Amino acid sequence: MMPKTLADLSSKMRDIDFAMLSTHTQGGAIGARPMSNNREVDYDGNSYYFTHDSTRMIQDIESDSQVGLSFLGKSGIIGQRPFFVAVEGRAELIRDKAAFAEHWTKDIDRWFEDGIDTPGLVLIKVHASRVHYWDGEDEGELTI
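Residues numbered from 1 in each chain as written. Predicted model: local features only at pLDDT ≥ 70, side-chain atom pairs only at ≥ 80, totals over all residues. Heavy atoms only, no water.

A. The overall build of the protein chain, seen in detail. Counting secondary structure elements, the protein chain contains three helices and seven strands. Each helix and strand of the protein chain, placed in order from N terminus to C terminus, yields the pattern α-β-β-β-α-β-β-α-β-β. What you see for the protein chain is a C-alpha radius of gyration of 16 Å, in line with the 15 Å of a compact globule of 144 residues. Seen through its principal axes, the protein chain has C-alpha atoms that stretch 50 × 35 × 25 Å. Within the protein chain, the proportion of its 144 residues that are buried is 43%. For the protein chain, the proportion of contacts with a sequence separation of at least 24, taken over those separated by at least 6, is 64%. In the form shown here, the protein chain has an accessible surface area of approximately 8,200 Å², with 50% of it arising from carbon and sulfur atoms. When the 15 positive and 24 negative side-chain charges of the protein chain are each reduced to one mean point, those points stand 3 Å apart. (Helix = DSSP H or I, 4+ residues; strand = E, 2+ residues; numbered from the N terminus. Rg over C-alpha atoms; globule rule 2.2 N^0.38 Å. Buried < 20%, exposed > 50% of the residue type's maximum accessible area, 1.4 Å probe, protein only. Contact = heavy atoms within 4.5 Å. Areas by Shrake-Rupley, 256 points an atom, 1.4 Å probe, with all protein chains shown as cover. Lys, Arg positive; Asp, Glu negative; His and termini not counted. Charge placed at Lys NZ, Arg CZ, Asp CG, Glu CD.)

B. Representation of the nonpolar core. Counting residues in hydrophobic clusters, the biggest one holds 25 residues, and the most contacted among them are Leu 21, Phe 71, Val 85, Val 87, Ile 124, Val 126 and Val 131. Among the elements of the structure, helix 1 (6–13), strand 1 (18–24), helix 2 (56–63), strand 4 (66–72), strand 5 (83–94) and strand 6 (121–135) are those that each provide at least two residues to this core. The greatest single-element share of this core, amounting to six residues, is contributed by strand 6. In this view, Val 85 contacts Met 13, Leu 69, Ser 70, Phe 71, Val 131, His 132 and Tyr 133; residues no more than four positions away in its chain are not counted. By size, the runner-up hydrophobic cluster in this structure holds 10 residues, among which are Phe 50, Phe 100, Ile 108 and Leu 121. (Core = buried A, V, L, I, M, F, W, Y, C linked by side-chain atoms within 4.5 Å.)

C. Up close: the side chain of Thr 23. Summarising the element assignment, Thr 23 is placed in strand 1. A polar side-chain atom of Thr 23 sits 2.7 Å from a polar atom in the side chain of Asp 60. (Polar contact = N/O pair within 3.5 Å; in protein donor to acceptor, adjacent residues only side chain to side chain.)

D. The pairing of strand 3 (residues 46–52), seen in detail. Within strand 3, six of the seven residues are buried, which leaves the element mostly enclosed by the surrounding structure. The sheet contact formed by strand 3 and strand 6 spans seven bridges and is antiparallel. Directly across from Thr 51, in strand 6, lies its bridge partner Val 122. (Pairing = 2+ DSSP bridges.)

E. Examining the packing of aromatic side chains more closely. Scanning the entire structure with this criterion turns up five aromatic pairs. Look at Phe 50 and Trp 104: their rings are 4.8 Å apart centre to centre, the planes differ by 70°, and that puts the pair in the edge-to-face class. Pair noted here: Phe 50 is in strand 3 and Trp 104 is in the loop between helix 3 (97–103) and strand 6, with a separation of 54 residues, a long-range link. Take Phe 50: its relative accessible area is 11%, and that puts it in the buried class. One aromatic cluster in this structure is built from Phe 50, Phe 100, Trp 104 and Phe 112. Positioned above the aromatic ring of Phe 83 is the side chain of Lys 12, whose terminal nitrogen or guanidinium carbon lies 5.3 Å from the ring centre. (Phe/Tyr/Trp six-rings, centres within 6.5 Å; stacked < 30°, edge-to-face > 60°. Lys NZ or Arg CZ within 6 Å of the ring centre and 35° of its normal.)

F. The arrangement of the pattern of salt bridges in detail. Scanning the model with the defined rule gives nine salt bridges in all. For Asp 60, the salt bridge identified is with Arg 33, shortest N-O distance 3.6 Å. Residue Asp 60 is located in helix 2, and its partner Arg 33 is located in strand 2 (residues 30–36); the two are separated by 27 residues in the primary sequence. Among the residues examined, Arg 33 registers a relative accessible area of 17% and is labelled buried. Asp 60 is paired through a salt bridge with Arg 56; the nearest N and O atoms lie 3.1 Å apart. (Salt bridge = Lys/Arg side-chain N within 4 Å of Asp/Glu carboxyl O.)

Okay, here's the thing in structure tokens:
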């Protein structure tokens, strides 16, 4: 099979509702939590997630910006494995309302009722460095 491109992965990732964002905690453990995957964005190696600045996840990222993202798609043809993506990258914390507006969608309103004016709102940008995928019997890796 031909290796997949970032565009190939992007089209498949659009159908995935949530990603698991993993961070390194101060004690060395790995913490993971579900984050809404914005389906309206074409994946280009960067992912964006909104959260509150009071979360443990923000503390973890401030201490160690290396993070992981895990995506699980729908099952393939009967008997085949589902589509999986694992991303390694660095997280950047953004506290700029112009950036919030650029990445905001109506679906996010349910978690942040004041929209981009929500007190303590933070945008996490994950810059991918490595993307590994499994798609049925096809497996590969992209370095970004």
